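Structural characterization, general
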Amino acid sequence: MKPIRNSIETSPVELKKEDFVSDQTVKWCPGCGSHIILSAVENAFPRIGYRKENFVIVSGIGCSSRFPYYVNTYGFHGIHGRAHAIATGVKLANPGLSVWVSTGDGDSLAIGGNHFIHVIRRNVDVNIILFNNQIYGLTKGQFSPTTPRGTVTKTSPDGTIEDSFNVGQLVLGAQGTFFARVIDNMPQLLSEVLYLAAKHDGTSMVEVLQNCVIFNDKAYEHLTNKETRDDNILILTPDEPMIFGKNRDKGIAWKEGKLVVVELGKDASLQDILVHRPYEDNFYLHTMLCQMMPPQYPLPVGVIRMVKKPTFDDLMVEQINRAKETSNIRCVDDLLNSGSVFEIN
Amino acid sequence: MKPIRNSIETSPVELKKEDFVSDQTVKWCPGCGSHIILSAVENAFPRIGYRKENFVIVSGIGCSSRFPYYVNTYGFHGIHGRAHAIATGVKLANPGLSVWVSTGDGDSLAIGGNHFIHVIRRNVDVNIILFNNQIYGLTKGQFSPTTPRGTVTKTSPDGTIEDSFNVGQLVLGAQGTFFARVIDNMPQLLSEVLYLAAKHDGTSMVEVLQNCVIFNDKAYEHLTNKETRDDNILILTPDEPMIFGKNRDKGIAWKEGKLVVVELGKDASLQDILVHRPYEDNFYLHTMLCQMMPPQYPLPVGVIRMVKKPTFDDLMVEQINRAKETSNIRCVDDLLNSGSVFEIN
Amino acid sequence: MVNEKESVVIKFAGDSGDGMQLIGNIFSDNSAIFGNDLATFPDYPAEIRAPRNTVAGVSGFQVHIGKKRIYTFGDFCDILIAMNPASLKANLKWAKKGATIILDEDAFTAEACQKAGYSSNPLNDGTLGAFHVIKAPITSLTRKTLEKFQLAPKVADRSKNMFALGIIYYLLNRKLDLTFAYFEKKFGKDSLATETNKIVLEAGYNFAENIEAVESKIHVPPAKLEKGKYRNITGNIATAWGLLAAAEKAGLQLFLGSYPITPASDILIELAKHKSLGVKVFQAEDEIAAITSALGASFAGALGVTTTSGPGLSLKTEALGLAVMTELPLVIVDVQRAGPSTGMPTKAEQSDLYHALFGRTGEAPIPVIAASSPSNCFYYAFNAAKIALEHMTPVILLTDGFLGNGSQLFRIPRMADMPAIHPPFAKPGEEYKPYRRNPDTLVRYWAIPGTEGMRHRIGGLEKEDVSGIVTTDPLNHQKMVELRKNKVLKIADDLPSQTVTGNHQGDLLVVSWGSTEGVIHAAIEELLQEGYPVAHTNFNYLFPLPANTADIFSHYRKILVCELNSGQFANYLRMCFPQFTYLQYNKIQGLPFTQVEIKEAILKYL
Amino acid sequence: MVNEKESVVIKFAGDSGDGMQLIGNIFSDNSAIFGNDLATFPDYPAEIRAPRNTVAGVSGFQVHIGKKRIYTFGDFCDILIAMNPASLKANLKWAKKGATIILDEDAFTAEACQKAGYSSNPLNDGTLGAFHVIKAPITSLTRKTLEKFQLAPKVADRSKNMFALGIIYYLLNRKLDLTFAYFEKKFGKDSLATETNKIVLEAGYNFAENIEAVESKIHVPPAKLEKGKYRNITGNIATAWGLLAAAEKAGLQLFLGSYPITPASDILIELAKHKSLGVKVFQAEDEIAAITSALGASFAGALGVTTTSGPGLSLKTEALGLAVMTELPLVIVDVQRAGPSTGMPTKAEQSDLYHALFGRTGEAPIPVIAASSPSNCFYYAFNAAKIALEHMTPVILLTDGFLGNGSQLFRIPRMADMPAIHPPFAKPGEEYKPYRRNPDTLVRYWAIPGTEGMRHRIGGLEKEDVSGIVTTDPLNHQKMVELRKNKVLKIADDLPSQTVTGNHQGDLLVVSWGSTEGVIHAAIEELLQEGYPVAHTNFNYLFPLPANTADIFSHYRKILVCELNSGQFANYLRMCFPQFTYLQYNKIQGLPFTQVEIKEAILKYL
Ligand SMILES: Cc1ncc(C[n+]2csc(CCOP(=O)(O)OP(=O)(O)O)c2C)c(N)n1
Ligand SMILES: Cc1ncc(C[n+]2csc(CCOP(=O)(O)OP(=O)(O)O)c2C)c(N)n1
Ligand code: SF4
Ligand code: SF4
Ligand SMILES: [Mg+2]
Ligand SMILES: [Mg+2]
């Protein structure tokens with residue numbers, strides 16, 4: 001992949017994974033899905049191609065939010081739920097930075113829910129990696145807003161009584177322009193998705209289904225286990241038909257306004273299979289993809305949506321530039337002496 | 001309409017509008033859309049039929065949040081953005097109350113956005129009236145998260161640079177079970193919608209497009225003005241075809257996975273017109289209805305979605321009742337003496 | 001005949017829709033250009049348009065103009081304009097005995113009188129016996145004046161305020177030309193609005209002249225102000241400009257993250273107008289996003305600022321702790337209003353002091369500064385930013401609704417004369433450690449993301465001294481707590497000495513802080529003139545306190561702390577200097593002190 | 001041979017995954033049933049599973065058992081179990097000279113030693129010269145013991161902790177049967193887990209016996225406790241139960257709105273288990289929803305409670321103001337941790353006091369109570385709720401991580417003996433005014449939604465006295481501010497008198513509050529026995545303070561305030577009683593005071 005060329009300065013030399021490995025001991029539990037995410041990021045960043053000093057990682061609080069310590073970039077470990085707001089400030093103040101957020105399902109969807117929907121609505125150009133382990137890891141195992149209904153956790157000894165958020169659906173409900181979903185055992189795909197996220201102008205939301213081996217182990221077993229995963233996962237590739245299955249003999253097709261699973265050669269032919277177009281602004285289809293899940297459907301992974309819309313940060317700079325061109329207040333002395341002023345001699 | 005019969009106690013006597021008129025002077029600006037909403041509520045409450053002591057109105061802060069003072073019920077004027085959380089506490093603690101929230105677009109969608117999406121996700125049985133005037137009224141005219149892109153306000157002298165939330169779309173993104181939209185000049189429809197909201201088990205979100213005569217006058221002009229309104233509004237009636245227009249000659253039909261406006265007798269017949277089924281869990285169609293707006297489409301008003309799902313408050317009571325049946329800890333003395341206890345004599 | 005006066009207080013009062021704020025402002029500007037010193041204060045209801053003709057709906061604007069220095073907007077007024085019975089009802093208690101009261105006779109209908117809470121018509125029942133009353137049929141004369149334009153009465157009535165203003169211009173012997181020019185600038189030279197406003201203003205003036213409204217017109221000669229350029233400015237605008245000035249002086253971008261709230265919104269609104277100065281204004285979804293975005297901006301190398309009032313400050317509490325831990329520059333402006341909770345949003349008091357000083361979990365010292373006049377908001381905002389930037393710390397700047405909305409003459413400084421600001425940028429080439437400090441000031445160095453060779457990570461967890469690595473080492477924690485505290489205490493080295501007005505030792509020292517300075521100063525000057533052995537010191541730097549504070553206190557037998565709360569500063573002084581005894585005078589009514597109250601309080605202890 | 005001892009401190013230390021918390025708890029329960037008084041404290045890393053064999057990853061559990069009354073979990077240990085070099089490294093400094101150290105020899109590989117930061121193997125290099133060392137090949141013997149089950153080594157290794165526990169049982173002359181019964185109850189009588197645990201526990205015991213690990217076994221005879229039923233309880237569980245008890249006693253539903261946070265989550269977790277008692281537990285989306293939902297529940301007639309720690313308390317600030325204004329009952333539990341900001345979440349200190357006392361905008365007095373031992377959390381939680389309900393006010397209960405996670409014997413009360421709680425319900429039939437007050441207590445009456453004839457509205461805007469109508473009347477505001485304050489001050493009438501241990505007058509009074517009580521009490525008892533003229537008073541009611549506080553202070557020449565912060569309580573006392581001088585002893589290390597430190601500090605001033 002080529003370095004991304006936009007207003008962020010690219011590195012004059014080619015960077016390697018090692019350039020981004022920090023000297024801090026990684027303190028996640030052995031076997032935690034986060035290790036793989038870390039590695040995917042360290043792989044993706046050199047390929048993105050920006051100067052290494054131009055990366056900033058912002059986080060909230062949670063296991064996932066320890067992330068900035070483990071990547072050798074500028075980093076800001078914030079407070080619980082506020083990473084999106086901090087990152088907004090970083091990006092607005094300095095649009096020349098490539099701003100990333102690492103956050104958890106609790107951090108972004110419980111306490112941080114408001115900043116989550118607003119950063120998306122505004123389409124600020126930040127890239128968000130949401131470690132969704134369907135649990136509060138750092139505080140040792142309470143349910144989160146993504147914990148499926150009925151799950152027994154420390155704070156729901158009789159099972160939860162609330163539906164969980166579907167992250168993609170909420171992102172689209174908040175007018176998101178970029179949504180991708182990856183599972184933590186797919187480092188390659190993740191690294192690719194991160195590259196596309198970086199390339200996207202606007203808020204890129206990358207949900208990673210991340211296994212918490214300690215407090216919610218095997219939550220994604222059906223998606224990662226060798227036996228079942230191929231039938232439960234649909235890997236989306238732009239402009240490719242949505243085909244999946246161990247034998248790549250199943251696909252997704254339209255039927256009466258709904259998506260259905262069809263068997264190739266049996267109840268459908270290749271032409272019936274929907275082709276994935278993440279860059280076409282098809283809100284309904286993209287939402288349906290977000291909502292599809294086993295057992296009825298395979299779970300789509302990859303970039304589900306990436307559509308164009310002006311970014312908040314660009315427009316802010318534009319308004320300032322326009323004001324600078326047109327206003328005759330060019331410095332504070334001008335301002336102080338503007339309007340109704342009189343002189344005593 | 002008949003009194004609603006459920007676990008909330010109904011009034012032994014028939015109530016009248018006057019039973020709900022408070023003795024406080026209404027301090028909204030003359031001509032403010034809120035006056036009509038107040039009147040619709042005062043009309044709807046007696047019809048709902050609960051004992052008048054069983055109504056509670058909770059609010060946040062804003063012009064709209066002054067509402068509780070003006071209705072003679074139990075009322076709680078909270079703090080900015082927190083009405084949904086306060087109301088959740090009221091309802092959970094005392095499910096025998098009919099709990100209402102009056103809130104604004106700033107109160108619910110700016111500072112209160114997190115509680116907004118969570119009350120909806122949990123499906124707590126509260127009824128929310130969202131006064132959407134696309135502006136911060138009480139603080140004198142700053143833009144809100146529903147202010148259309150480009151609008152000039154006190155804090156956006158060069159126009160806003162962010163897309164606004166589509167309230168219905170966000171509600172559905174957060175898995176809402178009930179969403180209705182009404183314009184403030186339709187007291188009758190509003191009163192009817194409020195009745196249905198009360199009847200709905202779960203979070204009922206009623207968005208009222210409310211005109212702020214002082215800081216955002218005529219934001220809904222195209223929807224209220226006699227000339228244009230009939231062509232710009234689609235009044236939804238359950239099980240009725242979606243027909244609109246001054247001459248009721250236009251309708252909404254499906255075409256290639258999209259909704260289109262058709263002309264009856266011209267490019268469509270009555271059978272082609274979609275019939276509105278708010279109680280069928282058709283996420284896509286309901287979202288599309290939320291998103292439709294002039295000039296391309298008419299704006300749908302009425303109940304867009306009302307689908308069944310267990311409520312959080314019912315399930316909480318159920319879990320408690322089950323625990324009471326099965327546990328042998330029936331009082332605090334039991335608890336104190338449970339488990340590992342020893343005696344010194 | 002013209003009667004010269006040292007100073008005059010005028011109160012404009014009417015229904016919320018009557019345009020009192022507008023004519024108050026026009027008159028103030030006119031006075032400023034005329035050369036009077038002045039102070040103003042608007043006083044409007046919480047409701048946007050409260051019901052007509054009710055006391056709750058009265059909107060007022062008070063102006064104090066003078067030949068002498070003006071320190072307050074005045075306790076009691078010499079001239080009261082009351083556009084309806086409710087305005088009279090609400091304000092008569094603030095009129096001096098013998099004051100001139102101008103009334104819109106037409107508005108005193110039986111119904112309106114009753115709605116205002118009068119059982120009989122105050123024009124006729126002797127209520128106004130002690131005053132000089134000018135009954136003017138303002139409504140009908142305004143309509144008549146505008147007859148030829150064939151406006152709807154509703155529209156014509158909008159000009160009533162100009163008729164009233166015309167009367168005032170006559171009484172104060174003012175010319176109309178500058179105001180005519182103002183209309184032309186605002187509405188366009190040939191617009192209908194310009195014409196109608198001019199003609200009604202003139203009609204009011206002529207009316208007063210024709211009826212010989214007063215025996216003698218009043219003349220308040222220009223004040224002997226220091227040479228220089230001046231303008232009338234509110235505290236909120238001065239605050240906004242002070243921040244812009246600091247950013248310019250530091251060579252940094254100004255970033256404001258804010259969420260609207262009365263009475264602080266005007267700072268946000270003002271800054272949003274000045275994009276040409278490069279300021280980035282972000283109206284956030286709530287106060288938490290406001291402050292954290294500002295902190296993010298500071299991390300990224302800007303001067304991060306957030307502005308709010310009490311309820312909003314509460315919400316920023318957690319992020320304040322993060323700012324302390326990350327040791328980033330950040331200015332938090334709190335325009336205090338009457339609390340607790342939503343309280344009385346359009347009224348002010350000084351009761352957020354406790355929160356500013358102590359409202360954090362953990363050991364989290366933050367410098368606290370208070371402005372004390374509308375115009376010095378400019379300098380204290382500038383200094384708050386200077387301290388934040390130079391000492392790498394959040395700084396809380398306290399103003400209040402009186403300061404924020406009130407206005408005053410402001411002598412325009414030249415940016416070249418403003419002090420330099422030197423943020424402690426990390427030196428390129430040197431090995432960077434995020435918590436290495438300047439040994440003198442204990443300030444850490446600032447490395448801006450994007451800078452080569454300085455990648456580092458900061459955050460809210462306790463960090464190891466120098467290296468910034470996360471650690472729970474016990475002694476390191478103690479050390480870092482102390483370093484953070486001592487860093488802030490060392491700011492005192494940079495502060496100007498605390499000064500005293502009046503006797504430099506003796507019986508009684510009056511202590512105040514923030515916006516009560518003006519009224520207490522005025523009272524003290526009077527008492528000194530009357531020969532009382534009093535002194536006054538007003539604090540602007542609250543934490544740390546100026547180094548000579550205890551020394552000053554030690555020269556007086558009694559210390560009287562006056563504040564608009566239940567004694568928060570007094571209690572704080574008890575903590576800081578337990579060796580002294582503090583008397584208190586407190587008021588918690590959403591109103592400022594009056595000069596009379598202060599004098600009485602002082603005399604009680606003399 | 002058996003050697004009788006008054007008390008013994010044992011520290012279990014290992015990797016996070018080694019199950020030290022579990023055996024610590026099993027041993028404590030065994031000691032409690034045996035009749036020892038005891039106190040325990042777990043001490044684990046911030047990381048869930050920190051890297052193996054690192055000092056940062058060590059998880060510890062300390063138990064102090066005694067024949068005498070036990071006030072602390074002990075400064076230094078008599079017996080240290082170290083499952084690997086890192087555990088030794090982290091804890092050796094806490095072992096008494098001559099302490100017995102039990103090591104898993106197998107774990108002391110060169111690599112592990114190095115990872116722990118040892119340059120040579122401490123088993124051989126003289127590091128442990130001053131100790132009695134029991135080198136046990138715990139890993140290999142455990143695997144061997146379990147050979148017949150053919151478990152994977154990883155699985156077998158999970159039982160290592162039981163081997164270590166077996167050694168301890170031998171050393172302390174304990175029987176195994178109760179623990180066998182515990183396994184059976186936990187895992188089922190015939191389960192594999194029960195069998196393997198039993199067999200390894202026994203193997204450890206036998207190993208110690210066979211190698212004659214010690215010259216004499218230790219016997220700590222049962223304590224002479226007051227007659228009654230007892231259990232071992234942590235402060236967090238005691239807090240949860242105290243709240244349940246208060247709700248039952250008041251005849252109200254308990255409603256908890258909470259958001260998880262270390263170290264407070266266990267209260268939430270505990271209450272979620274007791275749905276059979278009717279408690280409604282709402283895990284909210286954040287702390288703001290947690291407190292506001294609780295306040296809503298109180299409005300609806302429940303006992304609303306919210307539990308949190310520092311960062312969460314910060315977020316509740318605004319809602320505290322609303323609770324003050326609405327005068328509804330509400331209990332806010334703050335389990336303090338080391339700040340500021342995220343700070344050191346798994347370490348504790350007492351630095352949220354400022355925020356609890358002063359962290360509000362506007363004049364917003366809130367009673368503050370602090371528990372001072374794990375078991376008295378029960379009573380102070382109960383009393384916090386009683387005060388909240390009877391005085392219609394929010395109440396802040398401060399505990400901390402030491403109290404919350406530490407455990408202690410708890411004498412089980414009978415609910416019939418707990419004091420009654422009488423909320424001031426509005427009387428049906430009487431005309432209801434929301435801000436009418438009981439003239440003696442100044443408490444307003446509580447009308448529950450659903451009640452006929454009492455519809456009313458409350459909220460955060462200032463309200464008219466009695467009627468509750470929204471008003472900005474100046475004098476009303478002053479009156480309401482004073483009423484709210486005096487209502488809270490009057491709570492002092494209901495508080496027990498402050499008491500003193502030691503001399504009732506004299507040279508030095510040591511003052512403490514909250515969780516430092518135990519260690520200071522123990523130090524004072526020793527000093528008294530040694531003949532020093534000292535005294536100690538510990539505060540549980542912080543605002544208002546007990547009525548006799550000043551009287552007590554007046555009997556001593558010196559007052560030394562000891563606290564785990566930089567002097568917040570001392571400063572507060574300076575405000576409240578400026579007539580006294582306060583000395584300070586402070587520690588801010590995320591660690592409790594040790595008895596030795598306290599004694600030294602006291603002796604310095606004697
Ligand atoms: C204001 C505040 N409230 C609560 C906490 C405690 N807390 C820390 S992390 C966390 C949730 C973590 O869950 P998630 O975001 O899913 O991260 P994970 O650990 O699962 O990666 C909570 C509740 C906190 N640190 N700050
Ligand atoms: C914590 C806090 N922040 C800000 C405010 C100021 N404030 C009061 S109402 C409001 C917005 C009102 O807008 P909306 O909810 O749309 O209500 P409207 O007045 O338009 O009905 C704001 C920002 C406040 N009262 N409290
Ligand atoms: S607790 Fe779970 S999420 Fe956290 S580091 Fe361990 S495995 Fe990963
Ligand atoms: S400001 Fe607008 S929303 Fe508020 S009362 Fe007036 S018209 Fe209504
Ligand atoms: Mg998580
Ligand atoms: Mg609004």
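As a starting point, this report considers the structure included with it. All figures in this text were calculated on a predicted structure; none of them were measured in a lab. (Residues numbered from 1 in each chain as written. Chains lettered and ligands numbered in written order. Predicted model: local features only at pLDDT ≥ 70, side-chain atom pairs only at ≥ 80, totals over all residues. Heavy atoms only, no water.)

With respect to the sheet that holds strand β19 (residues 506–513) of chain C
Residue and element names in this part refer to chain C. The test is simple: Pairs of strands are assigned from DSSP output, requiring at least two bridges between the strands. Only runs of H or I of at least four residues qualify as helices and only runs of E of at least two qualify as strands under DSSP, and these elements are numbered from the N terminus. Here, two residues are considered to be in contact whenever any of their heavy atoms come within 4.5 Å of each other. Between N-to-C directions, angles span 0 to 180 degrees; the directions come from axes that are lines fitted to C-alpha atoms, helices contributing only their stretch in contact.
Strand order in the open sheet formed by five strands is β18-β20-β19-β22-β23, with mixed pairing between adjacent strands. Among the strands making up the open sheet, the edge pair consists of β18 (501–502) and β23 (582–586). Relative to strand β20 (residues 534–539), β19 is paired through six bridges, and the arrangement is parallel. Bridge pairing links Leu-508 to Val-534 in β20. Against the sheet, helix α18 (residues 517–529) makes contact with β18, β19, β20 and β22 (556–563), and its axis sits at roughly 165° relative to β20, the strand it touches most.

Thoughts on the coordination of the magnesium ion (ligand 6)
Residues and elements named next belong to chain B. What counts, and what does not: Any nitrogen, oxygen or sulfur atom within 2.8 Å of a metal ion counts as a donor, with the limit raised to 3.2 Å for Na, K and Ca, and since water is left out, coordination shells can look unfinished. Buried residues are those whose accessible area, probed at 1.4 Å on protein chains only, stays under 20% of the maximum for their type, while exposed residues exceed 50% and partly exposed ones sit between those limits.
For the magnesium ion (ligand 6), the protein coordination sphere consists of Asp-105 (OD), Asn-133 (OD1) and Ile-135 (O), at 2.1 Å. The sequence pattern formed by the donor residues of the magnesium ion (ligand 6) is D-x27-N-x1-I. Comparing Asn-133 with Ile-135, the two get one shared label, buried.

Details of the interface of chain C and chain A
The condition is simple: By buried area we mean the combined loss of accessible area, with a 1.4 Å probe, across both parts when two parts are placed together. Whenever Lys or Arg places a side-chain nitrogen within 4 Å of a carboxyl oxygen from Asp or Glu, that contact is recorded as a salt bridge. Counting of polar contacts relies on pairs of N or O atoms within 3.5 Å, with two restrictions inside protein: one atom must be capable of donating a hydrogen and the other of accepting it, and residues adjacent in sequence are counted only when both atoms are side-chain atoms.
In this complex, chain C contributes 70 residues to the contact, which on the side of chain A involves 60 residues. Summed over both partners, the interface of chain C with chain A buries about 5,300 Å², with 63% contributed by carbon and sulfur atoms. Linking chain C with chain A are one salt bridge, by the criterion used here. Between Glu-285 of chain C and Arg-122 of chain A there is a salt bridge, with the nearest N and O atoms lying 2.9 Å from each other. The interface formed by chain C and chain A holds 27 residue pairs in polar contact (both at pLDDT 80 or more) in total. Mapped onto the side of chain C that touches chain A, the elements with two or more residues apiece are α1 (20–34), β9 (228–234), α9 (235–250), β11 (280–283), α11 (287–299), α13 (317–326), β16 (407–411) and β17 (457–459) of chain C.

Thoughts on the site of ligand 2
Heads up, the condition is: Residue proximity to a molecule or strand is established when one non-hydrogen atom of the residue lies within 4 Å of it.
Ligand 2 sits among 23 residues. The nearest are Cys-63, Ser-64, Asp-105 and Asp-107 of chain B together with Glu-287 of chain C. Residues close to ligand 2 are split across chains B, C and D. Contacts to ligand 2 include Cys-63 of chain B, whose backbone N or O atom sits 2.7 Å from an oxygen atom. Leu-138 of chain B places a main-chain nitrogen or oxygen 2.9 Å from an oxygen atom of ligand 2. Contributing elements (two or more residues each) for the shell around ligand 2: α4 (105–109) of chain B together with α12 (310–315) of chain C.

With respect to the sheet that holds strand β10 (residues 254–258) of chain C
Residues and elements named next belong to chain C. Read from one edge of the open sheet, seven strands run β11-β10-β12-β13-β15-β14-β21, paired in mixed fashion. The outermost strands of the open sheet, each flanked by one partner alone, are β11 and β21 (541–543). On average, each strand axis in the sheet is tilted by 20° relative to the strand beside it, whichever way the strands run. Pairing of strand β13 (residues 330–336) with strand β15 (residues 394–400) involves seven bridges; the strand directions are parallel. Across the sheet, residue Asp-334 finds its bridge partner in β15, namely Leu-398.

Remarks on the packing of helix α7 (residues 177–187) of chain D against helix α8 (residues 192–210) of chain D
Residue and element names in this part refer to chain D. Note the threshold: Orientation labels follow simple angle bins: below 35 degrees gives roughly parallel, above 145 gives roughly antiparallel, 65 to 115 gives roughly perpendicular, and whatever is left gives oblique. Should the near helix be turned anticlockwise from the far one by less than a right angle, the crossing is termed left-handed; should it be turned clockwise, right-handed. Classification used: nonpolar for Ala, Val, Leu, Ile, Met, Phe, Trp, Tyr, Cys and Pro, charged for Asp, Glu, Lys and Arg, polar for all others including Gly.
Where α7 meets α8, the axes come as close as 9 Å, and the angle between the chain directions of the two elements is 160°. What the angle tells us is that α7 and α8 run roughly antiparallel. The element α7 and its partner α8 pack so that their crossing is right-handed. Every residue of α8 that contacts α7 at Thr-179, Phe-180, Phe-183, Glu-184 and Phe-187 is listed here: Ala-193, Thr-194, Asn-197, Lys-198, Leu-201 and Glu-202. Looking at the contact of α7 with α8 residue by residue, the class counts come to five nonpolar, three polar and three charged.

Quick word on the pattern of salt bridges
Oppositely charged side chains are able to pair whenever their charged atoms sit close together. Taken as a whole and judged by the stated rule, the model has 76 salt bridges over all chains. Between Lys-347 of chain C and Asp-43 of chain C there is a salt bridge, and its shortest N-O distance comes to 3.2 Å. Separated by 304 residues along the polypeptide, Lys-347 of chain C in the loop between β13 and α14 (353–358) and Asp-43 of chain C in strand β3 (residues 37–43) bring together distant segments of the chain. On the basis of relative accessible area, Asp-43 of chain C is assigned to the partly exposed category, the value being 25%. Among the ionic contacts, a cluster of salt bridges with common partners joins Arg-121 and Arg-122 of chain A, Glu-162 of chain B together with Glu-285 of chain C.

What to know about the site of ligand 3
Within the structure, ligand 3 sits among Trp-28, Cys-29, Cys-32, Cys-63, Asn-133, Gln-210, Cys-212, Val-213, Ile-214 and Phe-215 of chain A together with Ile-48 of chain D. Lying at an intersection of chains, ligand 3 is approached by residues of chains A and D. Broken down by class, the residue content of the shell around ligand 3 amounts to nine nonpolar, two polar and no charged.

Some details on the coordination of the magnesium ion (ligand 5)
Residues and elements named next belong to chain A. Around the magnesium ion (ligand 5), the protein supplies Asp-105 (OD), Asn-133 (OD1) and Ile-135 (O) as donor atoms, at distances of 2.1 to 2.2 Å. Summarised as a motif, the one-chain spacing of the donors to the magnesium ion (ligand 5) is D-x27-N-x1-I. Overall, Asn-133 belongs to the buried group, its relative accessible area being 7%.

Section: unusual backbone geometry
Phe-543 of chain C connects to Pro-544 of chain C through a cis peptide bond whose omega is -5°. Take Pro-544 of chain C: it is sitting in the loop between β21 and α19 (549–553). In this chain, Gly-339 of chain D is followed by Pro-340 of chain D through a cis amide linkage whose omega measures 0°. By secondary structure assignment, the location of Pro-340 of chain D is in the loop between β13 (330–336) and α14 (353–358). Even without glycine at this site, Gln-134 of chain A takes up a positive phi of about 55°. Tracing the chain through its elements places Gln-134 of chain A in the loop between β4 (127–132) and α6 (167–173). The backbone phi angle of Gln-175 of chain A is positive, close to 75°, even though this residue is not glycine. Its place among the elements puts Gln-175 of chain A in the loop between α6 and β5 (178–183).

Focus on the interface of chain B and chain A
Size of an interface, as often reported, equals the accessible area lost when the parts are brought together. Contacts between the two partners involve 36 residues from chain B, matched on the other side by 36 residues from chain A. Between chain B and chain A, the buried area comes to about 3,400 Å², and carbon and sulfur atoms account for 55% of it. On the chain B side of the contact with chain A, Arg-121, Ile-161 and Tyr-284 of chain B bury the most area, a combined 21% of that side's loss. On the surface where chain B and chain A come into contact, there are six salt bridges. With its nearest N and O atoms 2.9 Å apart, the salt bridge here joins Arg-121 of chain B to Glu-162 of chain A. Joining chain B to chain A, the criterion identifies 23 residue pairs in polar contact (both at pLDDT 80 or more). Broken down by element, the residue count for the side of chain B that touches chain A peaks at six residues, all from helix α5 (residues 113–122) of chain B.

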